[in-house]
Amino acid sequence: MEKKVRRPPRGTRKRDVPLTEAGIYAAALRLIDEDGVEALTMRRLATALDANPMSLYHHVPNKEAVLRGVTRMVGAQFRTVTLEDAPWQERIRLLATDFRTLAHRHPELMAYSFSHQPDFIQPDDPFWTALTAIVEAAGVPQSEVSEIAALMVAVVIGVLAAELNGALHQWSTLKSHGPEVDEDGAADADPGSTSAAPEGPDPDHMFRLVMDTLITGLEGRLTAGRDGRHAGH
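Because the structure is predicted, anything quoted here is derived from the model rather than measured.

### Focus on the packing of helix α6 (residues 107–116) against helix α8 (residues 145–165)
Then, in step 1: Running from N to C, α6 and α8 point in directions that differ by 130°, and their axes come no closer than 10 Å. The pairing of α6 with α8 is recorded here as oblique in orientation. The handedness of the crossing between α6 and α8 is left-handed. Taking contact as the criterion, the partners of P107, M110, A111 and F114 in α6 are, on α8, I157, L160, A161 and L164.
Then, in step 2: Tallied by class, residues from the contact of α6 with α8 come to 8 nonpolar, no polar and no charged.

### Examining the nonpolar core
Then, in step 1: Membership of the largest hydrophobic core comes to 62 residues, with the highest contact counts inside it found for L45, I92, F99, L131 and V135.
Then, in step 2: Element by element, the count of residues in this core is highest for α8, at 10 residues.
Then, in step 3: In this structure, V135 is in contact with I92, V140, V145, I148, A149 and M152, ignoring residues within four places of it in sequence.

### A closer look at the environment of P53
Then, in step 1: Locating P53 in the fold gives a position in helix α3 (residues 53–56).
Then, in step 2: You can call P53 partly exposed: its relative accessible area is 21%.
Then, in step 3: Spatially, the C-alpha atom of P53 lies 5.4 Å from that of R43, the residues being 10 residues apart in sequence.
Then, in step 4: When neighbours within four sequence positions are excluded, P53 is seen to be in contact with R43 and A46.

### Some thoughts on the packing of aromatic side chains
Then, in step 1: All chains considered together, the criterion is met by 5 aromatic pairs.
Then, in step 2: For the ring pair F78 and F99, a centre distance of 6.2 Å and an interplane angle of 70° mean the geometry is edge-to-face. With a gap of 21 residues between them, F78 in the loop between α4 (63–76) and α5 (88–105) and F99 in helix α5 connect regions that are remote in the sequence. Note on accessibility: F78 and F99 belong to one class, buried.
Then, in step 3: Of the residues examined, F99 reaches a relative accessible area of 3% and is grouped as buried.
Then, in step 4: Three or more aromatic residues link up through ring pairs in this structure, and these residues are F78, F99, F114, F120 and F127.

### Things to note about unusual backbone geometry
Among all residues except glycine, the phi angle is most often negative; among peptide bonds, the trans geometry is most common.
Then, in step 1: For D50, which is not glycine, the phi dihedral falls at a positive 55°.
Then, in step 2: If you trace the backbone, D50 turns up in the loop between α2 (42–49) and α3.

### Section: the side chain of R91
Then, in step 1: For R91, the position within the fold is in helix α5.
Then, in step 2: Among the residues examined, R91 registers a relative accessible area of 14% and is labelled buried.
Then, in step 3: Ignoring sequence-local partners within four residues, the contact set of R91 consists of L83, E84, A86, I134 and A137.

### Concerning α8
Then, in step 1: Look at α8: 30 Å from first C-alpha to last across 21 residues, which is about the 30 Å you get at 1.5 Å a residue.
Then, in step 2: Two residues or fewer after α8 comes G166, characterised by a positive phi angle close to 90°.

### Notes on the pattern of salt bridges
Then, in step 1: Inspection of every chain in the model, using the stated rule, returns 8 salt bridges.
Then, in step 2: Linking R72 and D119 is a salt bridge whose minimum nitrogen-to-oxygen distance equals 3.4 Å. Of the two residues, R72 is situated in helix α4 and D119 in the loop between α6 and α7 (126–137); the sequence distance between them amounts to 47 residues.
Then, in step 3: The salt bridge involving D212 is made with R93; its shortest N-O contact spans 2.6 Å. With D212 in helix α10 (residues 203–231) and R93 in helix α5, this pair connects stretches of sequence that are 119 residues apart.
Then, in step 4: Since its relative accessible area comes to 36%, D212 is described here as partly exposed.
Then, in step 5: Within the structure, one salt-bridge network assembled from shared partners comprises E64, R68, R72 and D119.

Rules used throughout
- Residues numbered from 1 in each chain as written.
- Predicted model: local features only at pLDDT ≥ 70, side-chain atom pairs only at ≥ 80, totals over all residues.
- Heavy atoms only, no water.
- Axes fitted to C-alpha atoms, helices over the stretch in contact; angles between N-to-C directions.
- Helix = DSSP H or I, 4+ residues; strand = E, 2+ residues; numbered from the N terminus.
- Parallel < 35°, antiparallel > 145°, perpendicular 65-115°, else oblique.
- Left-handed = near helix turned anticlockwise from the far one by under 90°.
- Contact = heavy atoms within 4.5 Å.
- Nonpolar A, V, L, I, M, F, W, Y, C, P; charged D, E, K, R; others polar.
- Core = buried A, V, L, I, M, F, W, Y, C linked by side-chain atoms within 4.5 Å.
- Buried < 20%, exposed > 50% of the residue type's maximum accessible area, 1.4 Å probe, protein only.
- Phe/Tyr/Trp six-rings, centres within 6.5 Å; stacked < 30°, edge-to-face > 60°.
- Expected span 1.5 Å × (residues − 1).
- Salt bridge = Lys/Arg side-chain N within 4 Å of Asp/Glu carboxyl O.

Below, the structure is given as structure tokens:
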């Protein structure tokens, strides 16, 4: 009879491949995508890596450090199409759309990052680098590029956070307090109603709307600035 070979308990046998920070972050991202940030623990991460839990602490001090590392890994992997000859409006719309795609690819991680990690966008991140280049190309004075870019990021992230947690859909289905006029010109009999409609606007349409608003606002500011300079001469 063939003797069965007993394997050491999971997490105690020697790994074929040494642990690395990149490998830890990649495994953590898979767990987060599957079950969310709250379900991630150092012990569960060690099990996924077939490693002793204590061995993880040689690379990362705690769960918060893992989350920061995962967020920065995802941010560094952000990619967008570069349209150098396209109008800045088209370039910024494409950049924001690609960032939204990334958020929906890892919704659990990104929702957490939006609300818990104010520094998750770094100066050398591809997204920030591309955004500031586009804002400068639009004609924003160099002294204001970072401020304008930061405000645009704040708006886009706010919208994405509301989209990911369902708040944007809920808000968009609320009726206004004003009277609704039908095709015959008759007003709604109950102008104070705030009941929700069964379905809200298409999320893609909502995101295009917010980008239209941002772009129109920046266009207006740039035009006003040029007019002001001309008037001063």
